[in-house]
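Overview (structure and organization)
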Amino acid sequence: MSTILAIETSAELASCALLVGDNVIVRSTPGVRSHSQSVLPMVQELLNEAGIALADCDAVAFGAGPGSFTGVRTACGVAQGLAYGAKLPVLPLVTLEAMAEACRAATGAGEVLAVLDARMGEVYWAQYRFLDGGWSEVVAPTLSAPQDVAPLAAEGLQACGNGFAEYADAFAGKPFAQAALPEIVPHARELALLARAALAAEQGVPAAQAQPIYLRNKVAYTSAERQAINQAKAGA
């Protein structure tokens, strides 16, 4: 019976989830600019609702990307700060796989193409297959122009993600895009569920070793990111 805190801020929706055994409780808030201020209050609400302390958790998971620079760095920094203070392992998880899990829950699909808006006229995308109770990569996370998204042919392939809404013209006429679910974005609920298997597989890392997944490059933390990281360390 695992207890795992999950943090997801890679897109416009910030969310946190707490897995306690088979139950998941969640909090979420929109607005990417407020992610660094909203995460810690949501975490505290979840812990209070469950009646536990952070140290009672088995691990802290976060959406490592791909996603917005500020978002994935905020989630990573907060997860590091909380995990370091509570002496917990960190589980960096792929946001696109969390989207695949949400798509499977909504449709039952075992073949999923996840496409996330990367801004700047590009998308992050990956293709997944659900086998033996877990996801495997068919196409690894990739950054490309939307018109260059090229999933491998698979029976029952279901597409999802806000990239289909943001770049509707680029996907027009593509068979895999016809029944896409653009409302599916990364969420901590699915991260928490994926984290259970990741923890059982001993994929946790020390807080200092947790890193975001970058498909683009960036150098420095913003002041908001540094503030969120420092608050997490102080709170833990």
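Residues numbered from 1 in each chain as written. Predicted model: local features only at pLDDT ≥ 70, side-chain atom pairs only at ≥ 80, totals over all residues. Heavy atoms only, no water.

**With respect to the domain arrangement of the protein chain**
- On domain assignment, one finds that the protein chain holds domain 1 (3–94 + 186–209) and domain 2 (95–177).
- Look at where the C-alpha atoms of domain 1 and domain 2 centre, and you get two points 23 Å apart.
- Residue-level contacts link 16 residues of domain 1 with 13 residues of domain 2.
- Both faces considered, domain 1 and domain 2 share a buried interface measuring about 1100 Å² in area, 71% of it formed by carbon and sulfur atoms.
- Here domain 1 is connected to domain 2 by 1 salt bridge.
- Glu12 is the salt-bridge partner of Arg119, the closest N and O atoms lying 2.8 Å from each other. (Domains from an automatic or database assignment. Contact = heavy atoms within 4.5 Å. Buried area = accessible area lost by both parts, 1.4 Å probe. Salt bridge = Lys/Arg side-chain N within 4 Å of Asp/Glu carboxyl O.)

**Digging into the side chain of Thr74**
- In this fold, Thr74 is placed in helix α2 (residues 69–86).
- A distance of 2.8 Å separates the side chain of Thr74 from the backbone oxygen of Thr70, its partner in a polar contact. (Helix = DSSP H or I, 4+ residues; strand = E, 2+ residues; numbered from the N terminus. Polar contact = N/O pair within 3.5 Å; in protein donor to acceptor, adjacent residues only side chain to side chain.)

**Some words on the sheet that holds strand β7 (residues 122–131)**
- A sheet is described by the order of its strands in space; here 4 strands give the open sequence β8-β7-β6-β9, paired in mixed fashion. The sheet is open, and its two edges are formed by β8 (134–144) and β9 (158–160), each paired on a single side. Direction aside, neighbouring strands of the sheet carry axes that sit 20° apart on average.
- Lying on the sheet, helix α3 (residues 95–107) is in contact with β6 (111–119), β7, β8 and β9; it crosses β7 at an angle near 55°. (Pairing = 2+ DSSP bridges. Axes fitted to C-alpha atoms, helices over the stretch in contact; angles between N-to-C directions.)

**So, the pairing of strand β4 (residues 59–65)**
- With respect to burial, β4 is a largely interior element, 7 of its 7 residues being buried.
- Alignment of strand β1 (residues 3–8) against β4, held across 4 bridges, turns out to be parallel. By the bridge assignment, Ala6 is partnered in β4 with Ala61.
- The sheet contact formed by β4 and strand β5 (residues 90–94) spans 5 bridges and is parallel. Residue pairing for β5: Phe62 is matched across the bridge by Pro92.
- In this view, the connection linking β4 to its parallel neighbour β5 by way of α2 has right-handed handedness. (Buried < 20%, exposed > 50% of the residue type's maximum accessible area, 1.4 Å probe, protein only. Right-handed = clockwise from strand over helix to strand, strands pointing away.)

**Notes on the side chain of Glu190**
- Within the secondary structure layout, Glu190 lies in helix α6 (residues 188–200).
- Residue Glu190 is classed as buried on the basis of its relative accessible area, which comes to 7%.
- Contact partners of Glu190, with chain neighbours within four places excluded, come to Ala98, Glu101 and Ala102.

**Considering the packing of aromatic side chains**
- Applying the stated criterion across every chain yields a total of 6 aromatic pairs.
- Ring centres of Phe130 and Trp135 lie 5.1 Å apart, and the angle between their planes is 65°; this geometry places the pair in the edge-to-face category.
- Ring centres of Phe171 and Phe176 lie 6.2 Å apart, and the angle between their planes is 75°; on these two criteria the pair is classed as edge-to-face.
- What makes Phe171 buried here is its relative accessible area of 3%.
- Looking at Phe176, the relative accessible area reads 17%, which means it is buried.
- Here the aromatic residues Tyr128, Phe130 and Trp135 are joined through ring pairs into a cluster of three or more. (Phe/Tyr/Trp six-rings, centres within 6.5 Å; stacked < 30°, edge-to-face > 60°.)

**Digging into the pairing of strand β2 (residues 13–20)**
- Counting buried positions over the 8 residues of β2 gives 6, a clear majority of the element.
- Sheet topology places β1 next to β2; 6 bridges connect them, and they run antiparallel. Within the sheet, the bridge partner assigned to Ile4 lies in β2 and is Leu19.
- Note that β2 and strand β3 (residues 23–30) share 8 bridges and pair antiparallel. Counted as the bridge partner of Ala14 is Thr29 from β3.
- Linkage of β2 to β3, two consecutive antiparallel strands, is achieved through a turn of 2 residues, within which Gly21 is found at a positive phi near 65°.

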